[in-house]
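Summary of structural features
Residues per chain are reported as follows:
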Amino acid sequence: GFFSASLVKIAGATDLNTKKIENDLIVSFRLAIFLGIIIVVIIAVIGTSASRSITNDGELEALIALFTLSLSIPALYLQIVIFNFFNATKKTIYEVIYTWSFNATLASACIILVTTNTNFNFIHFAFIYSGLRLVFTCLALALFDLRIRQHIFHFSHSQPIPKTTYVNYFVNGLPMAIC
């Protein structure tokens, strides 16, 4: 939703090597991290205040699992931005390979833990899921960094972006996020 405006711009562009497309990608990455961290912090704050009234160990475990799963949200948002770019540039195979590799790795890890009779519970699953999501997103980001210069010759994640670009991005992405 929110990051789809970028997908539409990139897919419709005849020349990706423009400042507008580059800025849009940089803002997408920054907002993916920022909004993901905000969600994690909100869940942590609400979880901390809710944990004070919890008397049941099962409820506390569920709260820990929720927080642990929320740690993967910034990585998920980054993944959306990365694969929106690849899909818009007709490199959809990257997302297919990524998704199947992630799912196979996660399933293998869970199968190994379950079949070896370890004390495997949902919190362990949440840690494995979030850890793998982070690792796979770092790999996807590395692939993005290798491929981006084929389209945007001097791309850099760290260049300054005007505040109005952030506002415009947010205003354009919000209707798609609401839908």
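Residues numbered from 1 in each chain as written. Predicted model: local features only at pLDDT ≥ 70, side-chain atom pairs only at ≥ 80, totals over all residues. Heavy atoms only, no water.

1. Thoughts on the overall build of the protein chain
When helices and strands are counted, the protein chain shows seven helices and zero strands. Along the protein chain, helices and strands appear, N-terminal first, in the series α-α-α-α-α-α-α. Taking the principal axes of the C-alpha coordinates as reference, the protein chain spans close to 55 × 35 × 30 Å. For the protein chain, the residues scored as buried account for 34% of the 179 residues in total. At a minimum sequence separation of 6, the contacts of the protein chain that also span at least 24 residues come to 79%. Per element, the accessible surface of the protein chain, about 10300 Å² overall, is 69% carbon and sulfur. Across the protein chain, the centroid of the 11 positively charged side chains sits 13 Å from that of the 8 negatively charged ones. (Helix = DSSP H or I, 4+ residues; strand = E, 2+ residues; numbered from the N terminus. Buried < 20%, exposed > 50% of the residue type's maximum accessible area, 1.4 Å probe, protein only. Contact = heavy atoms within 4.5 Å. Areas by Shrake-Rupley, 256 points an atom, 1.4 Å probe, with all protein chains shown as cover. Lys, Arg positive; Asp, Glu negative; His and termini not counted. Charge placed at Lys NZ, Arg CZ, Asp CG, Glu CD.)

2. Comments concerning a nonpolar patch on the surface
On the surface, Ile33, Ile37, Val41 and Val45 cluster together to form a nonpolar patch covering roughly 330 Å² of accessible area. Inspection of the secondary structure puts Ile37 in helix H2 (residues 19-51). Given a relative accessible area of 42%, Ile37 falls into the partly exposed group. (Patch = residues over 30% accessible without salt bridge, like charges linked within 9 Å, V, L, I, M, F, W, Y side chains within 5 Å. Salt bridge = Lys/Arg side-chain N within 4 Å of Asp/Glu carboxyl O.)

3. Thoughts on the environment of Thr116
Along the chain, the position of Thr116 falls in the loop between helix H5 (92-115) and helix H6 (122-147). Among the polar contacts made by the side chain of Thr116, one reaches the main-chain carbonyl oxygen of Ile112 at a distance of 2.8 Å. Looking at Thr116, its side chain comes within polar contact range of the main-chain oxygen of Leu113, at 3.3 Å. (Polar contact = N/O pair within 3.5 Å; in protein donor to acceptor, adjacent residues only side chain to side chain.)

4. Some points on the side chain of Gln159
On the secondary structure map, Gln159 appears in the loop between H6 and helix H7 (163-178). A distance of 2.5 Å separates polar atoms of two side chains, one belonging to Gln159 and the other to Lys19. A polar contact of 2.6 Å, which involves the side chain of Gln159, links it to the side chain of Glu22. If we ignore the near neighbours within four places in the chain, the residues touching Gln159 are Lys19, Glu22, Asn23, Ile26, Arg30 and His154.

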